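Topology and contacts: notes
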Amino acid sequence: MYVGADYYPEHWPRERWEVDAKLMQEAGFNVVRLAEFAWVNMEPMEGCFEFDWLDEALAILHKHDISALLCTPTAVMPAWVARKYPETLAMLPTGKRITWGVRKNNCFTSGAYRLLSERITRAMATHFADTPNLIGWQTDNEFGHPVCCCDTCRADFQDWVRAKYGTLEELNRRWGTHFWGHKYTTWGEIQIPAPSGTAWRLAGADHLGTHNPSLCLDYQRYCSHLNVRFQRDQVRILRELCPDHFTTHNFMGAFSDLNYYDLAEDLDLVSWDNYPVWDRPAISYGSAAAADVMRGLKRKNFWIMEQTAGPGGWSVFGRNPRPGEIRKIAYQQLAHGADGQVWFRWRTCTAGREQYWHGLLGHDGKPLRRYREAAQTAKEYHKLAPELEGTTIKAEVAIVYDYETIWALRIQPGFPGNTYHEAMQRYYNALFRAGVNADMIKPTEDLSQYRVVIAPDLFILPDDLAKRLTDYVSGGGVLLTDCRSGVKDETNLCHDRTLPGLLTEALGIVIEEYEAMGDGVEYTVVGKQAIEGQYAAVKYVDWTTPKDAEVLASFEQWHLESFAAATRNRFGKGSAYYVGAVVSEPAFYDQLIADVLKAGGVSPVLAPPEGVEVSVREGAGKKLLFLVNHTEERQQVSVPSGKPELLSGETTSETVTLDAYGVAVIKLE
Ligand code: GLA
Ligand code: ZN
């Protein structure tokens, strides 16, 4: 079990390093992440390397039994790189290059940048290969930005497209360029479009967002490929020179400008940056789902590489984690499979843009409340470590998490505010409230290992996936899908079929028409059978005609009277549910999910009170139940009695009491 902090010795005088290492050791820390942005400190002039300072820091940490991860420092190029090789700076859509001086300035197709990045990676790997306390490497930092509109990138994109489609005729067909007279007659005519996504918003390119959707989707795939390729060049070197060290990258949870499955494939381990403390205290549904996405990338446990240690902000800052909250955030991730925990950052910096991004220690460097809470957590983690060994979440419910669908929905949401994550969280949050764990899976994953598969907003539905979902249901699986599923094919053309296309038979419904509603328009949804009560449909409804399916909810408005808002269809040995509306009230989804779980024969270990999260890690003959109180109220939770609670050392009676942000770890087996 590794616990520690992101540490920047280069920000502090050398006399302080010993003090920091000692404080970390006293806190129970045994790992730090180093050198993330320290390229210029290690290569102050082209080809001249200076590693002495880092050797010294590593030696001091080693003396205090602290292991280290080093980063390839390529997320911030030294000023001399930009000066000597201006083509390494990414070009904005305006045709101007980025002004050097923030982070992530580089063009990923620049030959110079790729060579310089490989050289610093090789120099570091060679130098540090035998450092006794070095255990692993993080590539770069938070891949994803920027996108670049330079001529090299455009030519490279054209090559990528050519390799994919082979002939212009095929490209024109798959992109549907007969529309608006967009047919290409040479490869050189292909332009960089404006895909949607944060990178483009940062680049100020939103106004360009009306290009051909098929072109946009392929461009998004291409941008992802550039990052994956850049990382792969580094990983190859690290593996060759440091075969005993693991490789990782700090992913960003729900961030989805890149295909994270591809980025994770070349790494040994996924880690991610979790910053859930923003405005008002709230139940951290998003961090739970993001953790499951991270665990799903390699289908194994992950690390937290950066986690909230104090108020965060680059110009204004947010609220301070309240007493118990730093520990609670850590336990939520532990419960979802985090086997390493690193807080960002050790000490708040007195210089630079992140002066307000607070660490465990303040500017004053004193070990105060936040430090003490992290230390308590670290010590508990070490105590739990033998019990955690070999355990992970073994979910019976899967959620299909597909980057292609995420991107296609960003390019054309269909109705305002429609994102994959919004749709997914409606079901995910209901599972969370029911106390049921879920796996986030690629669409190509073997579905038969799950009792329930939820495929929210499955916008891109290739025929083979539709067939696999149908087989899954007929073989006894329970499928739940909803609005806008099955609209598109792999190249982002609409299928020329009546919705829900190839899922029609399994779902037992037909959708001949649908509509988006403006703000303030609501239709009344009336529950039937398993769903009780009345709800509001907002934003979008399918005009769903039930064929073989039973109606679980209908509409009250006269023009929708013959249509269903939610259906359930028995098909073969299984059942398939469809929700053809966006419903405002969580209670609607809670009842629906209860019925879906019943159909799948999935029963939670216990029914938690609202705001208490339940998660189970099991394996190697052990089964651990985690309870995490996301609220500031004391909560009573009914639990299996006569079991050891590992943090207090007590044996459970019928209930466990959790204080504000309290946690419990109960050994069920
Ligand atoms: C990101 C980065 C860190 C730091 C924090 C806080 O997660 O990886 O280097 O900048 O944000 O801003
Ligand atoms: Zn470029």
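Each chain has its residues counted from 1, running along the sequence as written. The naming scheme follows written order: chains are lettered A onward, ligands numbered 1 onward. Totals for whole chains, interfaces and linings use all residues, but because this is a predicted model, local features are given only for residues with pLDDT of at least 70 and pairs of side-chain atoms are given and counted only at 80 or more. Think of the side-chain values as coming from all heavy atoms in the structure, minus any hydrogens and water.

**Quick word on the nonpolar core**
By size, the foremost hydrophobic cluster in this structure holds 197 residues, and its most contacted members are Phe 29, Leu 34, Phe 251, Tyr 260, Trp 346, Phe 555 and Phe 588. Val 612, Leu 658, Ile 666 and Leu 668 belong to the second-largest nonpolar core, a separate cluster that totals 13 residues. Here, nonpolar core refers to any group of buried Ala, Val, Leu, Ile, Met, Phe, Trp, Tyr and Cys residues whose side-chain atoms link them within 4.5 Å. Relative accessibility under 20% of the residue-type maximum defines a buried residue, over 50% an exposed one, and the middle range a partly exposed one, all with a 1.4 Å probe and only protein chains included.

**Here's the deal with the sheet that holds strand 2 (residues 31-34)**
Strands pair, by our definition, only if DSSP identifies at least two bridges between them. By the criteria applied, helices consist of DSSP H or I runs no shorter than four residues and strands consist of E runs no shorter than two, each listed in order from the N terminus. In spatial order, the strands read 1-2-3-4-5-6-7-8; together these eight strands close into a barrel with parallel pairing. Strand-to-strand twist across the sheet, computed as the mean angle between neighbouring axes with direction ignored, equals 30 degrees. Two residues form a contact once any of their heavy atoms are found within 4.5 Å. Between N-to-C directions, angles cover 0 to 180 degrees, with each direction set by a line fitted to C-alpha atoms, over the stretch in contact for helices. Taken strand by strand, helix 3 (residues 52-63) contacts strand 2 and strand 3 (67-71), and its axis lies near 170 degrees from that of strand 2.

**Brief notes about the coordination of the zinc ion (ligand 2)**
Counted as donors are the N, O and S atoms within 2.8 Å of the metal, or 3.2 Å for Na, K and Ca, while water is not among the atoms, so some sites may look incomplete. Surrounding the zinc ion (ligand 2) are the protein donor atoms Cys 107 (SG), Cys 148 (SG), Cys 150 (SG) and Cys 153 (SG), which sit 2.2 to 2.3 Å from the metal. One can describe the donor arrangement at the zinc ion (ligand 2) as tetrahedral, given that its four donor atoms subtend angles of 103 to 113 degrees at the metal. When the donors of the zinc ion (ligand 2) are listed by position in the chain, the intervening gaps give C-x40-C-x1-C-x2-C. You can see Cys 107 sitting in the loop between helix 4 (79-84) and helix 5 (111-128) and its partner Cys 148 sitting in the loop between strand 4 (134-138) and helix 6 (151-165), a full 41 residues away along the chain. For a four-donor site, all angles between 85 and 135 degrees give tetrahedral; for four or six donors, opposite pairs above 155 degrees with the remaining angles between 65 and 115 give square planar or octahedral; all remaining cases count as irregular.

**Focus on helix 9 (residues 213-241)**
In a helix, the anticipated span is given by 1.5 Å times the number of residues less one. With 29 residues, helix 9 ought to run about 42 Å at 1.5 Å a step, and its terminal C-alpha atoms sit 43 Å apart, in line with that. Taken across its 29 residues, helix 9 has 22 buried, putting it largely inside the fold. Capping of helix 9 at its N-terminal end is provided by Asn 212; its side-chain oxygen lies 2.8 Å from the backbone amide nitrogen of Ser 214. Identification of polar contacts relies on pairs of N or O atoms within 3.5 Å, with a donor-acceptor requirement for protein atoms, meaning one able to donate a hydrogen and the other able to accept it, and with residues adjacent in sequence counted only if both atoms are side-chain atoms.

**Side note on the site of ligand 1**
Taken together, 13 residues form the shell around ligand 1, and within it Arg 103, Asn 141, Glu 142, Glu 306 and Glu 354 come nearest. Every accessible area reported is derived by Shrake-Rupley at a probe size of 1.4 Å, with residue values counting cover from the shown protein chains alone. About the coverage of ligand 1: the protein hides 95% of its 300 Å² of free accessible area. Charged means Asp, Glu, Lys or Arg here, nonpolar means Ala, Val, Leu, Ile, Met, Phe, Trp, Tyr, Cys or Pro, and polar covers whatever is left, Gly included. For the shell around ligand 1, the class distribution of residues is five nonpolar, two polar and six charged. Any residue with a non-hydrogen atom lying within 4 Å of a molecule or strand is treated as near it.

**Quick look at the sheet that holds strand 24 (residues 663-667)**
Taken together, the three strands give an open sheet; going across it, the order is 20-21-24, and neighbouring strands pair in antiparallel fashion. Pairing within the sheet leaves two strands with one partner each, and these edge strands are strand 20 (612-619) and strand 24. On average, each strand axis in the sheet is tilted by 15 degrees relative to the strand beside it, whichever way the strands run. Note: strand 21 (residues 622-629) against strand 24, five bridges, orientation antiparallel. By the bridge assignment, Phe 626 is partnered in strand 24 with Val 665. Each of strand 20, strand 21 and strand 24 touches helix 13 (residues 369-388); the most contacted strand, strand 21, lies at about 140 degrees to it.

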